[in-house]
Each structure stands twice: as structure tokens, then as C-alpha cells.
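# Residue-level structural notes
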Amino acid sequence: MTIGKFVVDVNRFRKLSAKPKFISKFYSPQEMKFLMEKHFPIYRIAEMFTAKMAFMKAMGVSARGCKLNEVSVLTDYNGIYYISLSGKAKTVFAAKRCKIAVDCTHTRIAALATVILYE
């Protein structure tokens, strides 16, 4: 079992989210669709980013070469977060033969995510 945690200042994403290059570089097409439907809420952008970074931390050195837009942080019909992978991230993760648990939260000033990889 490995754990990754990451926290960011939500205000940092106010300026970044206004830049289309930032969104397209770090977020998958599925995430961009979701964000457009919700009118790009800053806290959600920050939560998704923290979950991506927490996932990369949990993966450790095996995540080298994986891109953040290959890690999609999505929600199910109940609003519960889950991670979907594509590209190299999917291939590298499949070799680990484990499952992913993700939890995200935010306040007005910070977003935090924890990712656990377990068997």
C-alpha cells in the first residue's frame, strides 16, 4: 500500500484557470467537458489537480514520464471522486496490479487530496 497527499492554495488557480493552455495541458478531455458544464469552478479545478499530484506521489518513481492529462479525476453519479487513466499512466499502473482510492476536499483557501494505492 502506498499513499500520496497533496495540498494547494485555491487562489493560485484563479489566475491559472483563466489560461486555456493550463487547462489543456493538465486536464483530460473528460475533465474539460465536466469543468465547462460547471463553468470552471476554481475549487474543483484545484481539487482535481491535487488528486492528480497525490496520485503521482503514490506511484513514486514509476510515474516518471506520465503526463497529468493522462490522469482523469472524475466523479460518479453520487459525486464521489475516482481516477481514470489513459496512455502511459494506464500502462504503468496496470503493472502495479493494485486499486486506487481517492479523497478530495477544499476550503476557500486550500484544496487537499489523498490517494491510496492498495491490493
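All of the points below concern the structure found in this document.

For the rest of this paragraph, the subject is a nonpolar patch on the surface. A cluster of nonpolar side chains, namely Met1, Ile3 and Tyr118, defines an oily patch on the protein surface of about 360 Å² accessible area. Structurally, Ile3 is set in strand S1 (residues 2-9).

The next point concerns the environment of Asp9. Mapped onto the elements, Asp9 comes out in strand S1. Counting along the chain gives 98 residues from Asp9 to Thr107, while the straight-line C-alpha distance between them is 9.5 Å. Of the polar contacts made by the side chain of Asp9, one reaches the backbone nitrogen of Asn11; its length is 3.0 Å.

Residues Tyr81, Ile83 and Leu85 line the buried face of strand S3 (residues 81-85), whereas the alternating positions Tyr82 and Ser84 sit on a face that is not buried. Where strand S2 (residues 71-75) meets S3, 5 bridges bridge the pair, whose relative direction is antiparallel. In the sheet register, Leu74 faces S3, and the bridge partner there is Tyr82. Remark: 5 residues form the turn of the hairpin made by S2 and S3, two consecutive strands paired antiparallel; Gly79 in that turn has positive phi of roughly 85 degrees.

You can see Ile116 is positioned in strand S5 (residues 110-118). Not counting chain neighbours up to four residues away, the residues in contact with Ile116 comprise Met1, Thr2, Ile3, Lys99, Ile100 and Ala101.

Our focus in this paragraph is the packing of aromatic side chains. Inspection of the entire model under this criterion finds 8 aromatic pairs. Between Phe22 and Phe26, the ring centres sit 5.2 Å apart and the planes meet at 55 degrees, which makes this aromatic pair tilted. Of this pair, Phe22 and Phe26 both sit in helix H2 (residues 20-26), 4 residues apart, which is roughly one turn of the helix. Note on Phe26: relative accessible area 22%, which makes it partly exposed. Taking 6.0 Å as the distance between ring centres and 55 degrees as the angle between the ring planes, the aromatic pair formed by Phe55 and Phe93 counts as tilted. Here Phe93 lies in helix H5 (residues 87-96) and Phe55 lies in helix H4 (residues 42-59), a separation of 38 residues in the sequence. Residue classification places Phe93 among the buried residues on the basis of a relative accessible area of 11%. Grouped by ring-pair contacts, the aromatic residues Phe6, Phe13, Phe22, Phe26, Tyr27 and Phe49 constitute a single cluster.

Ranked by internal contacts, the top residues of the largest apolar core, which has 37 residues, are Phe13, Tyr27, Phe55, Ile83, Val115 and Leu117. Elements represented by at least two residues in this core include exactly H2, helix H3 (29-37), H4, S2, S3, H5, strand S4 (99-106) and S5. Looking at which element gives the most residues to this core, the answer is H4, with 11 residues. Contacts of Tyr27, omitting those with residues within four sequence positions, involve Phe13, Phe22, Met32, Leu35, Ile45, Met48, Phe49, Lys52 and Asn69.

We now examine the pairing of S5. Each regular strand shows side chains that alternate between the opposite faces of the sheet. Where S1 lies against S5, 8 bridges are found, and the strand directions are antiparallel. Within S5, the residue paired with Val8 across the bridge is Ala111. The sheet contact formed by S4 and S5 spans 8 bridges and is antiparallel. Each bridged residue has a counterpart across the sheet, and for Asp103 the counterpart in S5 is Thr114.

What counts, and where the lines are drawn
- Residues numbered from 1 in each chain as written.
- Predicted model: local features only at pLDDT ≥ 70, side-chain atom pairs only at ≥ 80, totals over all residues.
- Heavy atoms only, no water.
- Patch = residues over 30% accessible without salt bridge, like charges linked within 9 Å, V, L, I, M, F, W, Y side chains within 5 Å.
- Areas by Shrake-Rupley, 256 points an atom, 1.4 Å probe, with all protein chains shown as cover.
- Salt bridge = Lys/Arg side-chain N within 4 Å of Asp/Glu carboxyl O.
- Helix = DSSP H or I, 4+ residues; strand = E, 2+ residues; numbered from the N terminus.
- Polar contact = N/O pair within 3.5 Å; in protein donor to acceptor, adjacent residues only side chain to side chain.
- Buried < 20%, exposed > 50% of the residue type's maximum accessible area, 1.4 Å probe, protein only.
- Pairing = 2+ DSSP bridges.
- Contact = heavy atoms within 4.5 Å.
- Phe/Tyr/Trp six-rings, centres within 6.5 Å; stacked < 30°, edge-to-face > 60°.
- Core = buried A, V, L, I, M, F, W, Y, C linked by side-chain atoms within 4.5 Å.

Read these as layout, nothing more, since geometry by itself doesn't imply function.
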